[in-house]
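Chain by chain, the residues run as shown.
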Amino acid sequence: MESENNLKKVTILKDTTPKVTGIGGIFFKSKNPSKIYEWYGKNLGLAIDNYGSPFEFRNANNPNEINYLRWSSFDENSDFISQSNQEFMINYRVQNIEGLVINLKKNGVKILDSIQSFEYGKFVHILDLEGNKVELWEPIDSFFTKMGGTTTK
């Protein structure tokens with residue numbers, strides 16, 4: 001029988017590889033964002049707030065951690081999705097955004113702006129191979145948990 005003193009300590013290291021870890025948001029243009037929100041809430045049951053619908057889900061690697069995804073529409077004349085060839089933009093959840101930007105620059109990817117930090121995470125925008133604007137987000141999900149409110153589950 002193995003004594004307690006003979007047990008080895010195991011250190012679990014957090015993976016910090018610069019990469020995408022999931023979808024963080026779906027953004028699209030609309031003729032009337034408030035009416036589109038109302039329609040999706042009424043007909044598809046989305047929990048709607050002033051910015052669209054926050055989706056709540058569990059982190060697969062840490063089921064006790066709540067993560068969020070934002071579904072949102074912008075006025076068709078908004079420049080939020082400017083510099084893109086499309087009427088939509090995907091936001092990818094990432095880890096180690098600084099390392100990822102370094103890797104993207106090495107690969108010749110067009111970086112549209114510098115990393116910006118907010119209380120809910122860090123953001124940067126890039127263009128993919130076909131000129132689609134992509135938003136990269138290193139989230140701080142605890143901000144949204146503390147904020148509370150209704151979410152789509």
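This is a predicted model, so every value here is computed, not measured.

A. Region of interest: the overall build of the chain. Looking only at helices and strands, the chain features 3 helices and 8 strands. Along the chain, helices (α) and strands (β) appear in the sequence β-α-β-β-β-α-β-β-β-β-α when read from the amino end. The C-alpha radius of gyration computed for the chain amounts to 19 Å, which surpasses the reference 15 Å derived for 153 residues by more than 25%, pointing to a less compact arrangement than a globule. With respect to the three principal axes, the spread of C-alpha positions in the chain is 70 × 40 × 25 Å. A burial count over the chain gives 34% of its 153 residues as buried. Within the chain, residue pairs in contact and separated by at least 24 positions form 59% of the contacts whose partners lie at least 6 positions apart. Distance from the positive charge centre (18 side chains) to the negative charge centre (19 side chains) of the chain: 2 Å.

B. Up close: the environment of threonine 150. Within the secondary structure, threonine 150 sits in the segment after α3 (141–147). Between the alpha carbons of threonine 150 and arginine 70 there is a distance of 13 Å; along the sequence they are 80 residues apart.

C. Here's a closer look at the pattern of salt bridges. Evaluated as defined, the whole model comprises 5 salt bridges. Lysine 153 is the partner of glutamate 56 in a salt bridge, and the nearest nitrogen-oxygen pair spans 4.0 Å. One end of the pair, glutamate 56, is in strand β2 (residues 53–59); the other, lysine 153, is in the segment after α3, and 97 residues separate them in sequence.

D. Structural detail: the pairing of strand β4 (residues 88–95). One ladder, built from 8 bridges, connects strand β1 (residues 19–30) with β4; its direction is antiparallel. Paired with isoleucine 23 across the strands is tyrosine 92, a residue of β4. In this structure, β4 lies alongside strand β8 (residues 133–139), joined through 4 bridges in parallel fashion. Following the sheet pairing, arginine 93 is matched in β8 by tryptophan 137.

E. Highlighting the environment of glutamine 116. Position of glutamine 116 among the secondary structure elements: in strand β6 (residues 116–118). Between the alpha carbons of glutamine 116 and lysine 42 there is a distance of 35 Å; along the sequence they are 74 residues apart. Excluding its chain neighbours within four sequence positions, the residues that come into contact with glutamine 116 are Gly121, Lys122 and Phe123.

F. Spatial organisation of unusual backbone geometry. Its identity as a non-glycine residue notwithstanding, glutamine 83 has a phi of 70°, on the positive side. For asparagine 96, which is not a glycine, the phi torsion comes out positive at approximately 55°. Locating asparagine 96 in the fold gives a position in the loop between β4 and α2 (97–106). Given a relative accessible area of 26%, asparagine 96 falls into the partly exposed group.

G. Examining helix α1 (residues 33–44) more closely. In this model, α1 (12 residues) spans 16 Å end to end at C-alpha, consistent with the 16 Å of a helix rising 1.5 Å per residue. Backbone geometry just after α1 places glycine 45 at a positive phi near 75°.

About the cut-offs
- Residues numbered from 1 in each chain as written.
- Predicted model: local features only at pLDDT ≥ 70, side-chain atom pairs only at ≥ 80, totals over all residues.
- Heavy atoms only, no water.
- Helix = DSSP H or I, 4+ residues; strand = E, 2+ residues; numbered from the N terminus.
- Rg over C-alpha atoms; globule rule 2.2 N^0.38 Å.
- Buried < 20%, exposed > 50% of the residue type's maximum accessible area, 1.4 Å probe, protein only.
- Contact = heavy atoms within 4.5 Å.
- Lys, Arg positive; Asp, Glu negative; His and termini not counted.
- Charge placed at Lys NZ, Arg CZ, Asp CG, Glu CD.
- Salt bridge = Lys/Arg side-chain N within 4 Å of Asp/Glu carboxyl O.
- Pairing = 2+ DSSP bridges.
- Expected span 1.5 Å × (residues − 1).

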